[in-house]
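Breakdown of the fold
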Amino acid sequence: MVYLAFLKVGSLDEVLQLARRALDACGLQDWEVGVDHARRRAGACHFADKRISFSRYLIPLYDCATAREVVLHEVAHALVGPRAGHGRRWQQAVKNLGGRAERTLPADAPSLPAPWIGVCKAGHRVERFRTPTRVLACSKCSRDFKAENIFTWTCRGEKPRHHPAYLRELRKIVGKR
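All of the points below concern the structure found in this document. (Residues numbered from 1 in each chain as written. Predicted model: local features only at pLDDT ≥ 70, side-chain atom pairs only at ≥ 80, totals over all residues. Heavy atoms only, no water.)

1. Considerations on the sheet that holds strand β6 (residues 152-155)
Quick note on the threshold: Any two strands between which DSSP finds at least two bridges are classified as paired. Secondary structure elements follow DSSP: runs of H or I no shorter than four residues count as helices, runs of E no shorter than two count as strands, and numbering proceeds from the N terminus. Angles here are taken between N-to-C directions and fall from 0 to 180 degrees, while the axes themselves are lines fitted to C-alpha atoms, restricted in helices to the stretch in contact.
With respect to topology, three strands assemble into an open sheet ordered β5-β4-β6, the strand pairing being antiparallel. Here the strands that pair on one side only, and so sit at the sheet edges, are β5 (125-128) and β6. Strand-to-strand twist in this sheet, taken as the mean axis angle between neighbours without regard to direction, amounts to 25 degrees. Of the pairings in the sheet, the one linking strand β4 (residues 116-119) to β6 comprises four bridges and is antiparallel in character. The residue of β6 that forms the bridge with Gly118 is Trp153.

Next comes the structure, spelled out in structure tokens:
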């Protein structure tokens, strides 16, 4: 059992240092630690590359306890391997490291606002960080794709300039009605 009692984690650099110390303490000296551009997930374990990475955007938003949990979450994945998922072996590994073994972050954890907001006729919302290139319909309004449930998009609160592929697909769908 390896208990990592590192209490202070603040900046992204400190998170990377904690991750490095945790990997080393677990005998995973051949694993690398890095940052990525993720905007929806705080960390990732890349088994093929023997690398764990952390979001350069999200980690700085978290308090010390949340950032520490993200580190322990990813180190536990590295310890138990890709087939363990978030099952019992992974949960036990997180607990052995001193973590809570939660699969996801708390709902109230800080997040980034997505620039693209889609709203259906019933008012349901979806958020996207990338320009939609496919026409999407609201799955809450109907399990099947229906043209009347297509999302209307804004980008940073403005009427957007859509991707050409999106406009072509929209013309085909609207033309069928």
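The rest of the description comes next.
2. Focus: the side chain of His73
Keep this limit in mind: The rule is simple: take the accessible area with a 1.4 Å probe, protein chains only, and divide by the maximum for that residue type; under 20% is buried, over 50% is exposed, in between is partly exposed. In what follows, a contact means two residues having at least one pair of non-hydrogen atoms within 4.5 Å.
Its place among the elements puts His73 in helix α2 (residues 64-80). Judged by relative accessible area, which is 11%, His73 ranks as buried. Every residue in contact with His73, bar those within four places of it in the chain, is listed here: His86, Trp90, Val94, Glu102 and Arg103.

3. Regarding the nonpolar core
Selection rule: To qualify as a nonpolar core, a set must consist of buried Ala, Val, Leu, Ile, Met, Phe, Trp, Tyr and Cys residues joined through side-chain atoms within 4.5 Å.
Ranked by internal contacts, the top residues of the largest apolar core, which has 31 residues, are Ile52, Phe54, Ile59, Tyr62 and Val75. Counting residues per element, this core draws most heavily on α2, which supplies eight residues. Apart from residues lying up to four places away in sequence, Ile52 is in contact with Ala19, Leu23, Trp31, Glu32, Val33, Gly34, Ala44, Cys45, Glu74, Val75 and Ala78. Judged by nonpolar contacts, the second largest core, of twelve residues, contains Ala147, Ile150, Tyr166 and Ile173.

4. Details of the layout of surface pockets
A probe matching the size of a water molecule, rolled over the atoms, marks out where space remains unfilled. Rules: Within this scheme a cavity is a closed region of a 1 Å grid, computed over the protein atoms alone, that accommodates a 1.4 Å probe without allowing it to escape, whereas a pocket is open but has protein on both sides within 12 Å along at least five of seven lines; lining residues each have an atom within 4 Å of a point. Grid points are joined across faces, edges and corners, and a volume is the space filled by probe spheres set on the points.
Within this model, the largest pocket holds a volume of roughly 530 Å³. In terms of lining residues, the largest pocket is bounded by 30 residues, among which Arg40, Arg41, Ala42, Thr104 and Leu105 are the most central. Looking at the lining of the largest pocket, the elements with two or more residues in it are β2 (43-46), α2 and α3 (88-97). Broken down by element, the lining of the largest pocket gets its largest block of residues, four residues, from α2.

5. Considering unusual backbone geometry
The phi torsion at Ala101 lies on the positive side, around 65 degrees, for a residue other than glycine. Locating Ala101 in the fold gives a position in the loop between α3 and β4. Residue Ala101 is classed as buried on the basis of its relative accessible area, which comes to 14%. Of note in the backbone geometry, Arg156 takes a positive phi value of approximately 55 degrees without being a glycine. Summarising the element assignment, Arg156 is placed in the loop between β6 and α4 (164-175).

6. Overview of the packing of aromatic side chains
Our working definition: Under the pairing criterion, centres of Phe, Tyr and Trp rings, with the six-membered ring standing for Trp, must be within 6.5 Å; the plane angle then separates stacked pairs below 30 degrees from edge-to-face pairs above 60, leaving the rest tilted.
Under the definition given, this model contains three aromatic pairs. An angle of 90 degrees between the planes, with centres 6.2 Å apart, marks the rings of Trp31 and Phe47 as edge-to-face. Of the two residues, Trp31 sits in the loop between α1 (12-25) and β1 (32-36) while Phe47 sits in the loop between β2 and β3 (51-55), which places them 16 residues apart along the sequence. For Phe47, a relative accessible area of 26% translates into the label partly exposed. A ring pair is formed by Phe151 and Trp153, whose centres lie 6.0 Å apart and whose planes are at 55 degrees; its orientation type is tilted. An identical accessibility class is assigned to Phe151 and Trp153; each is buried. The rings of Trp116, Phe151 and Trp153 are connected pair by pair, giving a single aromatic cluster.

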